[in-house]
Amino acid sequence: MIDKLVDLITAAERILVFTGAGISTASGIPDYRGPQGVWKTRTPVFYDEFMTSVDRRRDYWQQKMEDAEEWGAAEPNEVHRALVRLERVDKIEMVVTQNVDGLHAAAGTSREKLVEIHGTNREIECQTCRERSAPEPHFATFRETGDPPLCHCGGYLKPATISFGQNLRADEMARAFDAADRCDLAMALGSTLTVNPAASVPLYATERGTPYVIVNRGETAHDRLRTVTLRIDGDVGAIVPGAIERALAA
Ligand SMILES: [Zn+2]
């Protein structure tokens, strides 16, 4: 099966890579849906609450600060780095990720080749003027004052992740689907493919008959589709970087 994966990567020229939580666990980022998932112990702040209540904005910033203290220093792992190597030899059409840890960007995947469907925790975005900035100064202000930070324009600052009840960005979704339309191989890595519309991106590629590879430890929602070319059950970090190395050496 690994040989087949190597062959598919070798033959491909425009790969759509779709990634989920399973590629970041090796960097120490917990899988939200796992048994330790924070969503089980916290009351999520919905987007309309964030926009209308200073108390909920404070709750949100408090949660994000705790997250940042816990795993903000996480570093990219071999999977993120192997995808950068594929980009350098011009084999990447797009990396589309569900992860909000920013590790693809941190590893060196370029902005033009990256769609962070659910946003990123590594940037802060003003909800009025959309300007983005680095998180650390805002966390420092919040830690000092306990007040949710404001933009110089007066708008509410918020980590650039998509919150519950917040719409996905239509322009980013369009970039993902355009890439799905152009790719000649779709690879879903470390995702259970259960969260839509994100998981519909690789599916869209397969509608044109594009080969579709799924590597994930445990079941995925796409396992029984006839359009799946290759399904490998196992740890992405143990399988994919080695396969990419072999394909690049071929
Ligand atoms: Zn602003």
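This report concerns the structure included in the present document. (Residues numbered from 1 in each chain as written. Predicted model: local features only at pLDDT ≥ 70, side-chain atom pairs only at ≥ 80, totals over all residues. Heavy atoms only, no water.)

## Digging into the layout of surface pockets
1) Next: Roughly 310 Å³ of internal volume is contained in the second largest pocket.
2) Next: Surrounding the second largest pocket, 22 residues form its lining, Glu-116, Gly-119, Arg-132, Arg-169 and Glu-172 being those nearest its centre.
3) Next: Residue assignment for the lining of the second largest pocket shows that the elements contributing at least two residues are strand E3 (114-116), strand E4 (119-126), strand E6 (157-161) and helix H7 (170-182).
4) Next: Tallying contributions element by element places E6 first for the lining of the second largest pocket, with four residues.
5) Next: For the lining of the second largest pocket, the per-class residue count stands at seven nonpolar, six polar and nine charged.
6) Next: When residues are assigned to domains, the lining of the second largest pocket turns out to be shared by domain 1 (2-29 + 75-118 + 168-249) and domain 2 (38-73 + 123-161), each giving three or more. (1 Å grid on protein atoms, 1.4 Å probe; cavity = no way out; pocket = protein on both sides within 12 Å on 5 of 7 lines; lining within 4 Å. Points joined across faces, edges and corners; volume = space filled by probe spheres on them. Helix = DSSP H or I, 4+ residues; strand = E, 2+ residues; numbered from the N terminus. Nonpolar A, V, L, I, M, F, W, Y, C, P; charged D, E, K, R; others polar. Domains from an automatic or database assignment.)

## Points about the coordination of the zinc ion
1) Next: Around the zinc ion, the donor atoms from the protein are Cys-126 (SG), Cys-129 (SG), Cys-151 (SG) and Cys-153 (SG), and they sit 2.3 Å away.
2) Next: Taken together, the four donor atoms surrounding the zinc ion define angles of 104 to 118° at the centre, an arrangement classified as tetrahedral.
3) Next: For Cys-153, a relative accessible area of 38% corresponds to the partly exposed category. (Donors = N, O, S within 2.8 Å, 3.2 Å for Na, K, Ca; no water. Tetrahedral: all angles 85-135°; square planar, octahedral: opposite > 155°, others 65-115°. Buried < 20%, exposed > 50% of the residue type's maximum accessible area, 1.4 Å probe, protein only.)

## Side note on unusual backbone geometry
1) Next: Here the amide bond leading from Asn-196 into Pro-197 is cis, since omega sits at 10°, within 30 degrees of zero.
2) Next: Within the secondary structure, Pro-197 is located in the loop between strand E7 (185-189) and helix H8 (200-206).
3) Next: Backbone geometry at Asp-90 places phi at a positive 65°, although glycine is not the residue there.
4) Next: Its location among the elements puts Asp-90 in the loop between helix H4 (78-88) and strand E2 (92-97).
5) Next: Judged by relative accessible area, Asp-90 falls into the exposed class, the value being 57%.
6) Next: A positive phi angle, close to 60°, is found at Leu-193, a residue other than glycine.
7) Next: Using a relative accessible area of 1% as the deciding quantity, one classes Leu-193 as buried.

## Section: the sheet that holds E6
1) Next: Pairing in this open sheet of three strands is antiparallel, and the strands run E5-E4-E6 from one edge to the other. Edge positions in the open sheet fall to strand E5 (132-133) and E6, since each of these has one partner strand only.
2) Next: As paired strands, E4 and E5 are joined by two bridges and run antiparallel to one another. Residue pairing in the sheet places Glu-125 in a bridge with Arg-132 of E5.
3) Next: In this fold helix H3 (residues 54-71) packs onto E4 and E6, with an angle of close to 50° to the strand it touches most, E6.
4) Next: Against the sheet, helix H6 (residues 135-145) engages E4, E5 and E6, with an angle of about 70° to E4. (Pairing = 2+ DSSP bridges. Contact = heavy atoms within 4.5 Å. Axes fitted to C-alpha atoms, helices over the stretch in contact; angles between N-to-C directions.)

## Considerations on the environment of Arg-130
1) Next: Here Arg-130 lies in the loop between E4 and E5.
2) Next: Within the structure, Arg-130 has its side chain in polar contact with the backbone oxygen of Gln-127 (distance 3.4 Å). (Polar contact = N/O pair within 3.5 Å; in protein donor to acceptor, adjacent residues only side chain to side chain.)

## A word on the pairing of E7
1) Next: Counting buried residues in E7 gives five out of five residues, a clear majority hidden from the surface.
2) Next: The side-chain alternation of E7 yields two buried faces, one formed by Leu-185, Met-187 and Leu-189 and the other by Ala-186 and Ala-188.
3) Next: Sheet analysis places strand E1 (residues 15-19) next to E7, joined by five bridges and oriented parallel. The residue bridging Ile-15 from the neighbouring strand is Leu-185, located in E7.
4) Next: Here four bridges tie E7 to strand E8 (residues 212-216), and the two strands are oriented parallel to one another. Within E8, the position partnered with Leu-189 by the bridge is Val-215.

## What to know about the pattern of salt bridges
Opposite charge on two side chains lets them pair, provided their charged atoms get close.
1) Next: Per the counting criterion, the structure on display carries 21 salt bridges.
2) Next: Across the pair Glu-245 and Arg-85 runs a salt bridge whose closest N-O atoms are separated by 2.6 Å. Here Arg-85 lies in helix H4 and Glu-245 lies in helix H9 (residues 236-249), a separation of 160 residues in the sequence.
3) Next: A salt bridge links Arg-231 to Asp-223; the nearest nitrogen and oxygen atoms lie 2.6 Å apart.
4) Next: On the basis of relative accessibility, which here comes to 23%, the residue Asp-223 falls in the partly exposed class.
5) Next: Counted as one network, the salt bridges with shared partners bring together Arg-111, Glu-116, Glu-123, Glu-125, Arg-130, Arg-132, Arg-169 and Asp-171. (Salt bridge = Lys/Arg side-chain N within 4 Å of Asp/Glu carboxyl O.)

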